[in-house]
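# Structure at a glance
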Amino acid sequence: MQINKIFPGIYEFSFGEREQFEPSKYMLEPSKTEKLNALSDCRLPIDADLIIGEVTGRGALITLPYSNGEEIYGFGLQSGKINQAGCKRLLKTNADAQGNIGNSHSAIPFYVSTKGYGIVLDTMRYTCFSCATSKPHKTYDLSSPKTEEKDDIKVSEADLYSQKSYGGVITAEILTVKGMHGYLFAGNSQSGLDCVADVCRRYVLFSGGGAMPPLWGLGVWYRACGQFNETEVLDMASLLRDENMPVSVLGLEPGWHSHAYSCTYKFDKGRYGNYKNTLKKLRDMNYNVNLWEHVFVHPDSDIYKPLEPYAADYEVWGGIVPDLSIDEARNIYGGYHDNYLLEEGISGFKCDECDGSDFTGGWSYPDHAKFPSGIDGEQMHSMLPMYYQKTLYELFKRRNKRTWGEVRAQHSYSAPYPFILYSDWYEHKDYISMVLNMGFSGIMYSPEIRTADGKADLYRRMLTGIFSPKLEMNIWFMPMPMWKNYNYDGNWKKEILPDSDQLRDDCRRFMNIRTSLAPYLYTAFYKYNTEGIAPVRALQMDYPECRGKENQGYISGISFGDDIIAYPLTANQLEVKLYLPNGIWYCYFTNVKYEGGKEYILKYEIDKIPVFVREGAILPILENVNAVFDGSTLKIKPMVYMSETKTAYGILYTDDFKSFDFEKGFYSIYKFEARNGKLNVSYENNNGYANNNIEILDAEFIG
Ligand code: GAL
């Protein structure tokens, strides 16, 4: 096994033969070398001699030591547990994540351990991680203590089948290969972050830093019914404006294509005969338009013939699957999008079904499919979404316009890709665990809202959305907004619920909360971009005191930016036990003060969840929420949370909110500091962006 240091705290490892196709060769952005080199150095917390690489008759195997009590987080978008110790994870990009075995839209071969290290396997192949699920017999001599087994007879199901982790090892296997390559990340708790957060930030910076959204991307998204024609879309767009819903992105689903599925990428002459005019009207109503599509190209598409030489040997939905790892194929696919769609002002795309499926027939290519580049179907299931995103990203970048889109699969090093992951699974409980899990692997996931079992379900789903990377109502299969009727059958029968006015007003209130937080979240995304800190992440990442509580009846929470924490709840969680991290916190809704480092049992109405703001923080709250999409000056109210501390701080990052000029230094950072009831505002790097599109209102003091 070769292990070489490549950056402070980052080590490259390999043994045997390296694979021909490795994801690190196709990264969207180069690693943030300057930032990485500026981080303090740290050693791996495990002895390099205890990391064993072997090429076996099955493939390549790596074995790492595991200690009792060590928690393991990551593996991409996982539902269920946060701590993966005691779990076997079959990491395979797959839309049908049956049985919670590790298959996922985003199954990433990366984990971080509370010991203070992380590992990513640089492979496009499916992998299998066993996190202390089995105990080696003698062959692996470990210095770590072994699990104390009680010498009794196990008879109950709980005894036999509960998740148990054995002192011993973590193994990761890639089948059919003759070697392994990857990176190890060390975390340092002296770095100002906890060691887990430090590992995750090194992984994100190594991946190229987090994506920077346009400001409108952080507002509210609404996707209209897939069967709508342009008149119906315009009616829906007007209705949202008439009802004063702060929707910044309107998504068109498959019906805009002349054929879907597979896709022509051409507006249908019947349903969208006047599409140029329709798109203009939508722009005039201040919508950013997002288009649904597949990568599967229909024979009627103008790019079918040119792409045929670059297609796989299997079709999907009657269309060809282009090998977008090849430059020529990307130029054809991208060139068409550029000329016909970006030219019309389309702000982004939603790439559906780029994952794969084992159990839903007819719409995926097999693992043994052959692509002209030599990449096979198994590898392409992981990488097609990445090549797709690269194709689109490059077009927008050339136009100096930021995009923000959606994608149904992600793989390793995905932090810089400006597409948010979404899923077809719909259990709210799963959504919550996926939001909690995603940040460890540097991915951003949207727990979109489609239908609801009732008012409480709708409200709680909206609240989860507010404090996640994206709040989206994806009403692709119903004609009316959910506040008119959240039930599928009732919605299609056009039955308006008796309390629909109340539902509408509450949905608007939720959307307003989200949008008022957009500048705060934008600032958090800037930190993601430049420092690698995920804007939404489980409390376990930053707060060691919140670890080890998952199986003790506590609900789990997330950091939303650096100063807000939220605990998403499902419809029937009206009284909950939570553990508040150390410090002083204020309830976001009532401003009641709480002392952290303790557990609480708290009651919540259906329109609230536990949300707390940190003592000493200043939140830049947007008052005129429409400004996120209508381009007017942002009116920012600094909310100062201060009673115990003598000084409170906050920052607000601003730029032109839409181009890549910030990369050349065109941005400003407001620095708020409050003392003795007075707010002082200064700027860092004022390049003319402060003041220009921001008005700072009088501060409000809480506490
Ligand atoms: C699904 C997708 C949905 C919606 C639908 C449209 O595959 O997950 O979000 O876009 O297709 O037909």
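Quick look at the structure, then. (Residues numbered from 1 in each chain as written. Predicted model: local features only at pLDDT ≥ 70, side-chain atom pairs only at ≥ 80, totals over all residues. Heavy atoms only, no water.)

### Brief notes about the overall build of the chain
- Scanning the chain for helices and strands turns up 15 helices and 35 strands.
- Over its C-alpha atoms the chain spans a radius of gyration of 25 Å, differing by no more than 12% from the 27 Å that the globule rule assigns to 703 residues.
- Across its three principal directions, the C-alpha atoms of the chain cover 70 × 70 × 55 Å.
- Expressed as a percentage of the 703 residues in the chain, the buried residues total 64%.
- As displayed, the chain has an accessible area near 25,700 Å², and 46% of this comes from carbon and sulfur atoms. (Helix = DSSP H or I, 4+ residues; strand = E, 2+ residues; numbered from the N terminus. Rg over C-alpha atoms; globule rule 2.2 N^0.38 Å. Buried < 20%, exposed > 50% of the residue type's maximum accessible area, 1.4 Å probe, protein only. Areas by Shrake-Rupley, 256 points an atom, 1.4 Å probe, with all protein chains shown as cover.)

### Things to note about the site of the ligand
- By nearness alone, every residue bordering the ligand is listed as Glu253, Pro254, Tyr261, Trp292, Lys350, Asp352, Glu353, Arg408, Tyr422, Asp424, Asn474 and Trp476.
- The contact in question runs from an oxygen atom of the ligand to an N or O atom on the side chain of Tyr261, over 2.6 Å.
- In this structure, an oxygen atom belonging to the ligand sits 2.8 Å away from a side-chain N or O atom of Lys350.
- When the ligand sits alone it has 310 Å² of accessible area, and the protein chains cover 94% of it.
- Classifying every residue of the shell around the ligand gives five nonpolar, one polar and six charged. (Near = heavy atom within 4 Å. Polar contact = N/O pair within 3.5 Å; in protein donor to acceptor, adjacent residues only side chain to side chain. Nonpolar A, V, L, I, M, F, W, Y, C, P; charged D, E, K, R; others polar.)

### Describing the side chain of Asn529
- Following the sequence through the fold, Asn529 ends up in helix α13 (residues 518-531).
- The exposure class assigned to Asn529 is buried, which follows from its relative accessible area of 9%.
- Here Gly210 takes part through its backbone oxygen, which lies 2.8 Å from a polar atom of the side chain of Asn529.
- What Asn529 contacts, discounting residues up to four positions off in sequence, is Lys32, Gly209, Gly210, Ala211, Met212 and Phe662. (Contact = heavy atoms within 4.5 Å.)

### Description of helix α10 (residues 455-466)
- With twelve residues, α10 ought to run about 16 Å at 1.5 Å a step, and its terminal C-alpha atoms sit 17 Å apart, in line with that.
- Most of α10 sits inside the fold, with ten of its twelve residues counted as buried.
- Within α10 the residues assigned to the buried category are Asp457, Leu458, Tyr459, Arg460, Arg461, Met462, Leu463, Thr464, Gly465 and Ile466.
- For α10, the elements touching its buried residues are α9 (428-438), β20 (471-474), α12 (500-516) and β22 (558-560). (Expected span 1.5 Å × (residues − 1).)

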